[in-house]
Number of protein chains: 2
Amino acid sequence: MNRNISRLAVYATLCITFLAASGQADEGMWQPQQLPEIAQQLKTAGLELDPGTLTELTGFPMGAIVSLGGCTASFVSPKGLIATNHHCVYGSVQYNSTEKNNLLKKGFLAKTLNQELQATPGSRVYVTEEITQVTADITGDMGTGISGIERYKTIDKNSKTLVAECEHDDRYRCRVVNFHGGMEYYLFKQLMIRDVRLVYAPATSIGKFGGNVDNWMWPRHTGDFGFYRAYVGKDGQPADYNEDNVPYEPEHHLIISAKGVAEGDYIMVLGYPGRTNRYRTAAEVKNQFTWSYPTAKAYREDYIDIIKSNCAVGSDTRIKYESNLAGLANYAKNYGSMITSYNKGTTQQRKDQLEKDLSSWIAELPDRSKLYSSSLKELEQLILQGQEYQDRDMVLAYMGRTTMMSTAYALYKLANESQKPDLERDSGYQLRDLPRFEQRMKSIDRRYDSDIDKALLLHFIKLYATIPHIQHVKSLDNFFDISKESSIESLRKLLDGMFAETKLGDEETRLAWMNKSPAEFNNSSDPFIKLAVATFKEREAISEKAKALSGDIQAYRPKYMQALIAFYNDQGLPVYADANSTLRITYGNVKGYSPEDGITATPFTMLEGIAAKQTGEYPFASPQKLLELIEKQQYGKYLKKDLGSVPVNYLGTLDITGGNSGSPTLNARAEFVGLVFDGVYESIIGDWDYDNDLNRSISVDSRYMLWVMEYVDGADNVLDEMEIVYQ
Amino acid sequence: MNRNISRLAVYATLCITFLAASGQADEGMWQPQQLPEIAQQLKTAGLELDPGTLTELTGFPMGAIVSLGGCTASFVSPKGLIATNHHCVYGSVQYNSTEKNNLLKKGFLAKTLNQELQATPGSRVYVTEEITQVTADITGDMGTGISGIERYKTIDKNSKTLVAECEHDDRYRCRVVNFHGGMEYYLFKQLMIRDVRLVYAPATSIGKFGGNVDNWMWPRHTGDFGFYRAYVGKDGQPADYNEDNVPYEPEHHLIISAKGVAEGDYIMVLGYPGRTNRYRTAAEVKNQFTWSYPTAKAYREDYIDIIKSNCAVGSDTRIKYESNLAGLANYAKNYGSMITSYNKGTTQQRKDQLEKDLSSWIAELPDRSKLYSSSLKELEQLILQGQEYQDRDMVLAYMGRTTMMSTAYALYKLANESQKPDLERDSGYQLRDLPRFEQRMKSIDRRYDSDIDKALLLHFIKLYATIPHIQHVKSLDNFFDISKESSIESLRKLLDGMFAETKLGDEETRLAWMNKSPAEFNNSSDPFIKLAVATFKEREAISEKAKALSGDIQAYRPKYMQALIAFYNDQGLPVYADANSTLRITYGNVKGYSPEDGITATPFTMLEGIAAKQTGEYPFASPQKLLELIEKQQYGKYLKKDLGSVPVNYLGTLDITGGNSGSPTLNARAEFVGLVFDGVYESIIGDWDYDNDLNRSISVDSRYMLWVMEYVDGADNVLDEMEIVYQ
């Protein structure tokens, strides 16, 4: 069967619609409350627990699952020990590293509580305690008659009001999230733990083995795991970092399985998948793959080149940018792969066909026609409108990733927003956002180098100068004196001066600006503040226009989604919502796949594969001790007999995306059998187009984690703290 | 089991000796007379024929197997139709191609006998009819006392005498070949058919699908097949090309199986493997992988670059060099892969260990010690001696690949050798060699371009100038005025003049020089003749020294091999000889493998894999018709049900090497089930170090051949002529 995949992938007849909503096989990121709907499928796949238990947020196992904001994690001891991916704790390891004491290289293990290190400032652990449907509170009885900006502001204000009420208890963090493009809204209430510490991370040569070369690839041999601990005040409540804080005691924690999984076993992941786009229109898909991704990929590659050519490997400066580089490279590769898959596959044809099928289905009955017929056309119109200035938007977005410019912009924006009542401020500038804002201002020193920042800004201003003139921001042109006559040399000189003069490189200065008035900004002679001030009005106008468009789209996309959901339901198919960083469940099985005709990816890799990849050069330079253990076949309790070795990573049919990183992979009894950390190359386009034959998740095997902890790193204290089962 | 491969490959404990001689599993290129020795293994593997029948050279199926000199082939009809690889008929397709009528691109099919085209001049079909042990006749009672050059000349003369006697019947071509480095000699008597015609070759987009990208790779989808026909005079005897010649009627031909093979099936290949080096000493292996291959690879890459940068794709000039380019690239990749495998694996350690084990075994008994103890040391000494001038030898060898220089050298050498009695002439210059020599002189026009030849020669002279001075050839230095002061510009000018003046680019002129005396050469003003004359004496001296060394080695390598064979036999292991372009049998099974931990290569590829690789650009630009047939799932009788499609290529455990190309792959009943044409990447180092887990042959499936013939090319006449069985 597997051998037929290429044929299926390439020649899937066009009348087959997208499987996106089908809930067939292993596709689907289900909201907890949807589980009763798919109880039968869960049982069939092998779940031994009562599916009902998975709907209880504060019960087992859901209560053990937490979000780190961007990553998922889980409690694995009664003392607040948290397991997640190495790449999720990477920033904290980096934060505590210096050229002399390079923890990234050596790895880090706290043998006692007081050796544990503060995680990156701003690190948080979120525990979802309540999810409430709030659609009526958000959209109320707005008709279609109101303007886009009114709609945007109404939804925004209603959301903020609910969030403010919810956060009245300051231990909590709350979010209102839209589902199905605004068809439904839910309020998420999460306990927010503010003191997070680094307990243990293996050396990067284990935790990031294979680096960017192996990223999104199979075969894989990455020990992508690390441990945090959540701390709270002595009263057991969330508190800012304090030496006297004590480990948080969660109600539930996961049991670690040293038995692991076998081919075909049921597995599931509970976690916070970030974003998918499985219900986008054909026109949106086309623009994304033929314009957005290719452009963003090129911009990221430029960004990487500039950083790399301005600092040596291993230098302090390079260490500052490693995390940034990793993120840039990760998505440059991601985009490249998606473009390749898109060009090779039939995604676009099938999207086109889906819309035709949907239209036919709508036209079948007059009632349907009346309800849905205009939904797609209206949405389409708005989407086109949003693309008019996309050259500008993309280049400004990447320019906005440079540090000094974005810092000045943010500070001046804060000064202006602070003049408004809290509920009317833009997200990110409300009172609730200030601690995080402050952390951001504080952590700049560890991730910023003025020469690199200058080179990046220069590059993107040059790029900006090449976009169609009609899209230009006049105040920006004026500030940098951008015209047909302007030379690179004069621009370079201008930036030299700006970076020499600005004081925003200084933490105290930045923090001081957080409390200044717009007038003080207007009078400042700091060149980056001047830039922020000079361009502010025009940037705000752009932002206002985007909000209005967003308001319009929020009126029409739900109508399109209603039509699509009705279409699928009419075929008896349940529909899950696109990922939106909220808690979801995906289930499946341990299973290989055929990436191409004549090749099968088998579901497990093993220790010897690490040794086979060894080159001695990053990213294939394992610690000598690890290599020696492999040569000695020191497998211990972690041997998988049919494999003849310790399994390192395994493939599964879990439907995951970014944000699921760090999620525990659970077996049929919800025991911890690993951490999901990546997907295979062929499933990257899965964010847009799921393929049962090619979508595969990659987990680091719990047995490899335990093996590294026991034999390589001697992390006995961590092992002792966890509850490990061997059967 | 497969998943353990990487571990085994990397960590095979060092005390395991090379399996080279073990005859275990599927390793081994057996001489026909050895088959009774391994009859049990053949039966166990699945052979249904009596192994004894395979020893009869003129019986079935051996009588249907022929050599093309460099490739193997087989009779597949009673009318002399010959099946072989596309890459074995490629030169003939190229020979008949022009820019306007590009048969390489279009493919070629003769619908009737009189449409068949002459193969490249010099093409021959050899049918081995007798193999005779002649060791005593060759080495006689030579002691170890005689000098190297005497030994060389005695062996050479004895061989030539036997060959001359054998070729008394001028229908035959005979060779004396040494086995086990000179331990044994055999006389091979082959019927030589001199009129060979091209019948059918699919388009290069099928026959060379994947080109150099896929070369040595799996998954593979190459339709590497083509057909010749052997012609003889009306009397049924070999004859030069003549319109009146008639198809040769072989006593035996193969039956084509349209049923094909399945995973695990017995397969075997009868053919003429070129050269393996499985019994080389540790020192030889080291020099080969750390000096010879890296150097030759670099030289070949230079060669390719220079050709490519001097002619456009598709130009007449490029067509002239395509075959040359293919050969250069093939082995550049081959060498690169061998270097990689060597550096990654434990070949050298195990070679070292083997020699230690052999020494211990020899030292065990005084009698053994007496017989064998000095054999390795003496051989080692001679090998070192041979490496002293290897920089010079390598660069002169590649310089000698340029056309004008090598043509002049060959012609002057011929003039000199012609002064000697025939039996004393060097090989290649005897009377028997003259027709081939003449063909070589004739075919130059179709493969030569003066600008490219000049650029290549310039490059290698520059390279030559950089080798240690002690290795320099004084007469060559003098001719090209090579010294520390000489400039590239003056060299370029000199070559410009030489290429402008030489008449050797003209066929008539070359043929005329074949009949001239040394004196006429000495008086010639042709610059390349002058070069040949000026350097001749010194080149002859170098050649004489090499012969003397070769004579010495022929005294000592047999002693080393005797020791090694005794060592293996003592462990109950039969020993096969290194490949030497003589008829061998290798058997095995259809079987996938694991190229690396986490990946399995499945044994069959199928039609849909071709479509999946389609890019529209060479080498992945299949004919539109083929793609349409795939899309329509037009599988016909050639469907492999469990695969769900027509199989294209398959993997087997056959122990093959260059020279086996074009060999029919036979099933347990000796039916034709495909053509072997390549090995996988991991088995390239197999010429030096066989690994049962990684060595895999690639065959084009008979079903794909028949499918292309029936549906794509409409080669009904060829299909009708063959005997095809469907069960």
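Residues numbered from 1 in each chain as written. Chains lettered and ligands numbered in written order. Predicted model: local features only at pLDDT ≥ 70, side-chain atom pairs only at ≥ 80, totals over all residues. Heavy atoms only, no water.

## Description of the overall build of chain A
Item 1. Across its full length, chain A holds 26 helices and 22 strands.
Item 2. For a compact globule of 727 residues, the expected C-alpha radius of gyration is about 27 Å, and chain A comes in at 26 Å, within 12% of that figure.
Item 3. The C-alpha extent of chain A, read off along each of the three principal axes, is 70 × 70 × 55 Å.
Item 4. Of the accessible surface of chain A, which amounts to about 28,400 Å², a share of 50% is contributed by carbon and sulfur atoms. (Helix = DSSP H or I, 4+ residues; strand = E, 2+ residues; numbered from the N terminus. Rg over C-alpha atoms; globule rule 2.2 N^0.38 Å. Areas by Shrake-Rupley, 256 points an atom, 1.4 Å probe, with all protein chains shown as cover.)

## Structural notes on the packing of aromatic side chains
Aromatic ring pairs are reported here in terms of the distance separating the ring centres and the angle at which the planes meet.
Residue and element names in this part refer to chain A.
Item 1. In the structure shown here, the tally under the stated rule is 66 aromatic pairs over all chains.
Item 2. Between the aromatic rings of Phe179 and Phe188, the centroid separation amounts to 6.3 Å while the plane-to-plane angle is 15°, which identifies the pairing as stacked. The residues Phe179 and Phe188 share a single accessibility class, namely buried.
Item 3. Summarising the aromatic geometry, the rings of Tyr412 and Phe521 are spaced 5.2 Å apart at their centres and angled 45° between planes, so their arrangement reads as tilted. Remark: Phe521 occurs in helix α21 (residues 518–522) and Tyr412 occurs in helix α15 (residues 403–417); sequence separation between them is 109 residues. Each member of the pair, Tyr412 together with Phe521, is buried.
Item 4. Of the aromatic side chains, those joined through ring pairs into one cluster are Phe289, Tyr293, Tyr331, Tyr335, Tyr342 and Trp688.
Item 5. Lying over the aromatic face of Tyr409, Arg539 brings its terminal NZ or CZ to 3.3 Å of the ring centre. (Phe/Tyr/Trp six-rings, centres within 6.5 Å; stacked < 30°, edge-to-face > 60°. Buried < 20%, exposed > 50% of the residue type's maximum accessible area, 1.4 Å probe, protein only. Lys NZ or Arg CZ within 6 Å of the ring centre and 35° of its normal.)

## Things to note about the interface of chain B and chain A
Item 1. Taken together, the contacts link 32 residues of chain B with 32 residues of chain A.
Item 2. Together, the buried faces of chain B and chain A total about 2,900 Å²; carbon and sulfur atoms form 56% of this surface.
Item 3. There are 0 salt bridges connecting chain B and chain A.
Item 4. Run the count over chain B and chain A and you get 9 residue pairs in polar contact (both at pLDDT 80 or more).
Item 5. Breaking the side of chain B that touches chain A down by element, the ones donating at least two residues are α1 (5–11), β16 (599–601), β17 (604–606) and α23 (607–613) of chain B.
Item 6. Top contributing element to the side of chain B that touches chain A by residue count: α23(B), with 5 residues.
Item 7. By the bridge criterion, 3 bridges tie strand β16 (residues 599–601) of chain A to β16(B) in an arrangement that is antiparallel. The residue bridging A:Ala601 from the neighbouring strand is B:Ile599, located in β16(B). (Contact = heavy atoms within 4.5 Å. Buried area = accessible area lost by both parts, 1.4 Å probe. Salt bridge = Lys/Arg side-chain N within 4 Å of Asp/Glu carboxyl O. Polar contact = N/O pair within 3.5 Å; in protein donor to acceptor, adjacent residues only side chain to side chain. Pairing = 2+ DSSP bridges.)

## Some points on the state of the cysteines
Item 1. Tallied over the full model, the rule gives 4 disulfides over all chains.
Item 2. Linked covalently through their sulfurs, A:Cys71 and A:Cys88 form a disulfide whose S-S length is 2.0 Å. Classification of the bridge connecting A:Cys71 and A:Cys88 rests on its S-S torsion, roughly -80°, and on that basis the disulfide is left-handed. Linking A:Cys71 in the loop between β1 (65–67) and β2 (72–75) with A:Cys88 in helix α3 (residues 86–95), this pair joins segments that are 17 residues apart in sequence.
Item 3. Each disulfide pairs two cysteine sulfurs, and for B:Cys166 the partner residue is B:Cys174, the sulfurs being separated by 1.9 Å. Here the S-S torsion is close to -65°, and the disulfide linking B:Cys166 with B:Cys174 is therefore left-handed.
Item 4. The connectivity of the disulfide-linked cysteines in chain A, indexed sequentially, is 1-2, 3-4. (Disulfide = S-S within 2.5 Å.)

## Considering the side chain of A:Glu355
Residues and elements named next belong to chain A.
Item 1. Note on placement: Glu355 falls in helix α11 (residues 347–364).
Item 2. One buried charge, Glu355, has no salt-bridge partner; the nearest side chain with opposite charge is Lys351, at 6.6 Å.
Item 3. Among residues more than four places away in sequence, those in contact with Glu355 are Thr281, Ala282, Leu376, Glu380 and Tyr560. (Lys, Arg positive; Asp, Glu negative; His and termini not counted.)

## Re helix α10 (residues 316–344) of chain A
Item 1. Given a rise of 1.5 Å per residue, 29 residues ought to cover 42 Å, and the 42 Å separating the end C-alpha atoms of α10(A) matches this to within 8%.
Item 2. Of all the bends in α10(A), the greatest measures close to 45° and is centred on A:Glu322. (Expected span 1.5 Å × (residues − 1). Bend = angle between axes of the 7 residues up to and from the residue.)

## Points about the relation of the copies chain B and chain A
Item 1. When chain B is fitted to chain A, the residual RMSD is 0.1 Å, and the transformation amounts to a turn of 180° plus an axial shift of 0.2 Å. Put plainly, the chains are arranged around a two-fold axis. Identified as the residue of chain B closest to the rotation axis by C-alpha distance is B:Thr600, at 2.5 Å.
Item 2. By residue overlap, the copies meet face to face through one surface: 100% of the interface positions of chain B are interface positions in chain A. (Least-squares fit on C-alpha atoms with pLDDT ≥ 70 in both.)

## A few points about the pairing of strand β20 (residues 672–679) of chain B
All names here are of chain B.
Item 1. Among the 8 residues that make up β20, 8 are buried, leaving the element largely enclosed by the rest of the structure.
Item 2. Relative to β20, strand β19 (residues 664–666) is paired through 3 bridges, and the arrangement is antiparallel. Bridge assignment links Pro664 to a residue of β20, and that residue is Leu675.
Item 3. In this antiparallel pair of consecutive strands, β19 and β20, the connection spans 5 residues, and Ala670 shows a positive phi of 65°.
Item 4. Relative to strand β21 (residues 697–701), β20 is paired through 5 bridges, and the arrangement is antiparallel. Counterpart to Leu675 in the pairing with β21 is Val700.

## A closer look at the nonpolar core
Item 1. One finds A:Phe227, A:Trp707, B:Phe227 and B:Trp707 to be the most contacted residues of the largest nonpolar core, which totals 189 residues.
Item 2. At 10 residues, the largest contribution of residues to this core is made by helix α22 (residues 527–570) of chain B. (Core = buried A, V, L, I, M, F, W, Y, C linked by side-chain atoms within 4.5 Å.)

## Comments concerning the domain arrangement of chain A
All names here are of chain A.
Item 1. Here chain A is described as being made up of domain 1 (32–124 + 194–277 + 578–593 + 604–725) and domain 2 (282–566).
Item 2. The centre of domain 1, based on its C-alpha atoms, is set 31 Å off from the matching centre of domain 2.
Item 3. Facing 24 residues of domain 1, the contacting portion of domain 2 comprises 29 residues.
Item 4. In total, about 2,400 Å² of surface goes out of reach between domain 1 and domain 2, with carbon and sulfur atoms giving 53% of it.
Item 5. The largest per-residue losses of area from domain 1 upon contact with domain 2 belong to Gln94, Ile685 and Trp688, which jointly make up 27% of the total buried on that side.
Item 6. Across the contact surface, domain 1 and domain 2 share 1 salt bridge.
Item 7. For Asp689, the salt bridge is made with Arg350, and the minimal N-O distance between the two is 2.7 Å.
Item 8. Our count for the contact surface shared by domain 1 and domain 2 stands at 13 residue pairs in polar contact (both at pLDDT 80 or more).
Item 9. For the side of domain 1 that touches domain 2, the elements supplying multiple residues, two or more each, are α3 and α8 (211–214).
Item 10. A per-element tally of the side of domain 1 that touches domain 2 places α3 first, with 4 residues.
Item 11. Residues belonging to the side of domain 1 that touches domain 2 are distributed by class as follows: 11 nonpolar, 8 polar and 5 charged. (Domains from an automatic or database assignment. Nonpolar A, V, L, I, M, F, W, Y, C, P; charged D, E, K, R; others polar.)

## Let's talk about the pattern of salt bridges
Item 1. On inspection of all chains with the given rule, the structure shows 77 salt bridges over all chains.
Item 2. When the shortest N-O distance is used, the salt bridge between A:Lys413 and A:Glu540 registers 2.9 Å. Taken together, the positions of A:Lys413 in helix α15 and A:Glu540 in helix α22 (residues 527–569) put the pair 127 residues apart, joining distant regions of the chain.
Item 3. The shortest N-O distance in the salt bridge between B:Arg318 and B:Glu322 comes to 3.6 Å. Within this pair, B:Arg318 and its partner B:Glu322 are both found in helix α10 (residues 316–344), separated by 4 residues, close to a single helical turn.
Item 4. One network of salt bridges, in which partners are shared, links A:Lys413, A:Glu417, A:Lys420, A:Asp426, A:Glu540 and A:Lys547.

## Quick word on helix α25 (residues 702–712) of chain A
All names here are of chain A.
Item 1. Most of α25 is tucked away: 10 of the 11 residues are buried.
Item 2. Inspection of α25 places Ser702, Arg703, Tyr704, Met705, Leu706, Trp707, Val708, Met709, Tyr711 and Val712 among the buried residues, and these make up the whole buried set.
Item 3. One or two positions beyond α25, positive phi appears at Gly714, with a value near 55°.

## Quick look at the environment of B:Lys286
Residues and elements named next belong to chain B.
Item 1. In this structure, Lys286 sits in helix α9 (residues 282–309).
Item 2. By relative accessible area, Lys286 is classed as partly exposed at 48%.
Item 3. Residues Lys286 and Lys351, 65 residues apart in the sequence, show an inter-C-alpha distance of 9.3 Å.
Item 4. With sequence-adjacent residues up to four places away left out, Lys286 is seen in contact with Trp291, Tyr342 and Gln348.

## Let's talk about the packing of α9(B) against helix α14 (residues 390–399) of chain B
Residue and element names in this part refer to chain B.
Item 1. For the pair α9 and α14, interaxial distance at closest approach is 11 Å and the crossing angle is 30°. By the angle class used here, α9 and α14 are roughly parallel. Considering only the axes of α9 and α14, their crossing is right-handed. Facing α9, whose interface residues are Asn287, Trp291, Ser292, Thr295, Ala296, Tyr299, Arg300 and Tyr303, α14 presents Gln390, Asp391, Met394, Val395 and Tyr398.
Item 2. Residue classes in the contact of α9 with α14 are distributed as 7 nonpolar, 4 polar and 2 charged. (Axes fitted to C-alpha atoms, helices over the stretch in contact; angles between N-to-C directions. Parallel < 35°, antiparallel > 145°, perpendicular 65-115°, else oblique. Left-handed = near helix turned anticlockwise from the far one by under 90°.)

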